[in-house]
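Coordinates in review
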Amino acid sequence: AMLGMEAGDVEESVDDGFLAEGDEGIGATIMGRNMFGPIRGDWPDESWQGWWGDEPPYHHPVFVLTHYPRPDLVMQGTTFHFVTGSIESVLVKAQEAANGRDIRLGGGVATIQQYLRAGLVDSLHIAVAPVLLGSGERLFDASAAASYSVVETIGSTAVTHYRLSRV
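Once that is clear, we can look at the overall build of the chain. The secondary structure content of the chain amounts to five helices and eight strands. Reading the helices (α) and strands (β) of the chain from amino to carboxyl end gives α-β-α-β-β-β-α-β-α-β-α-β-β. Buried residues in the chain amount to 33% of all 167 residues. Once local pairs closer than 6 in sequence are excluded, the contacts in the chain between residues at least 24 apart make up 58%. Total accessible area on the chain is roughly 9800 Å²; 52% of this is exposed by carbon and sulfur atoms.

Below, the structure is given as structure tokens:
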């Protein structure tokens, strides 16, 4: 996820360009349950509908990895599928739904790490903003980092964007 910051026209155009390019060709998103919401354990009910309010930023199917089944949630052009099972089986479902388009890993870190360790990530776009939020989580371990190289870097005073591809 990108942090939106007001830092002037140049920075906004850089960020806007990366955001627009990042949405091109996406047919489905896979995310971890923590990216969907703060509720842990079994779903007490179906009232939580995500961090984004009534209009989610996705306009394609979203597959939420969870250990606790929940019925699909349909909102403003997006269907959230709450799926259990292996990351590979979820990827197959997302590929079928994407109909030949790309699959985005929407995060969080634990979800991305699982797909990195399995060698299932072709490319990454990482946005680094100079904001201290706490201890955080490490995205790469040494073996995963060695599998990717930086192919593009664009920076502004608000954020630096890195594009990485598998070596």
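Before going further, it helps to examine the packing of aromatic side chains. Considering all chains together, one arrives at nine aromatic pairs under this definition. Each ring, one from W52 and one from F80, has its centre 5.3 Å from the other, and the planes form 5°; the classification is stacked. Of this pair, W52 sits in the loop between α2 (33-36) and β2 (62-65) while F80 is found in strand β4 (residues 78-83), placing the two residues 28 residues apart along the sequence. Of the residues examined, W52 reaches a relative accessible area of 19% and is grouped as buried. Ring geometry for Y58 against F80: centres 6.2 Å apart, planes inclined by 90°, an arrangement best described as edge-to-face. One end of the pair, Y58, is in the loop between α2 and β2; the other, F80, is in strand β4, and 22 residues separate them in sequence.

Right, let's get into unusual backbone geometry. Here the residue pair G107 and G108 is connected by a cis peptide bond, since its omega of -5° sits within 30 degrees of zero. Mapped onto the elements of the fold, G108 is located in the loop between β5 (102-107) and α4 (109-117). Phi angles above zero are rare outside glycine, and N99 is one such case at about 50°. Relative to the helices and strands, N99 resides in the loop between α3 (87-98) and β5.

With that out of the way, let us pick up the nonpolar core. Residues I30, Y115, L116, L124 and F140 are the most contacted members of the largest nonpolar core, which totals 20 residues. Taken together, the elements giving at least two residues each to this core come down to β1 (26-32), β2, α3, α4 and β6 (123-128). In terms of residue count, α3 provides more of this core than any other element does, five residues in total. When sequence neighbours within four positions are dropped, the list of residues in contact with Y115 reads I30, L65, I87, V90, L91, L105, L120 and V121. Core analysis: the next-biggest nonpolar cluster, separate from the first, contains 11 residues, F36, V62, L73 and F82 among them.

Scoring rules and cut-offs
- Residues numbered from 1 in each chain as written.
- Predicted model: local features only at pLDDT ≥ 70, side-chain atom pairs only at ≥ 80, totals over all residues.
- Heavy atoms only, no water.
- Helix = DSSP H or I, 4+ residues; strand = E, 2+ residues; numbered from the N terminus.
- Buried < 20%, exposed > 50% of the residue type's maximum accessible area, 1.4 Å probe, protein only.
- Contact = heavy atoms within 4.5 Å.
- Areas by Shrake-Rupley, 256 points an atom, 1.4 Å probe, with all protein chains shown as cover.
- Phe/Tyr/Trp six-rings, centres within 6.5 Å; stacked < 30°, edge-to-face > 60°.
- Core = buried A, V, L, I, M, F, W, Y, C linked by side-chain atoms within 4.5 Å.

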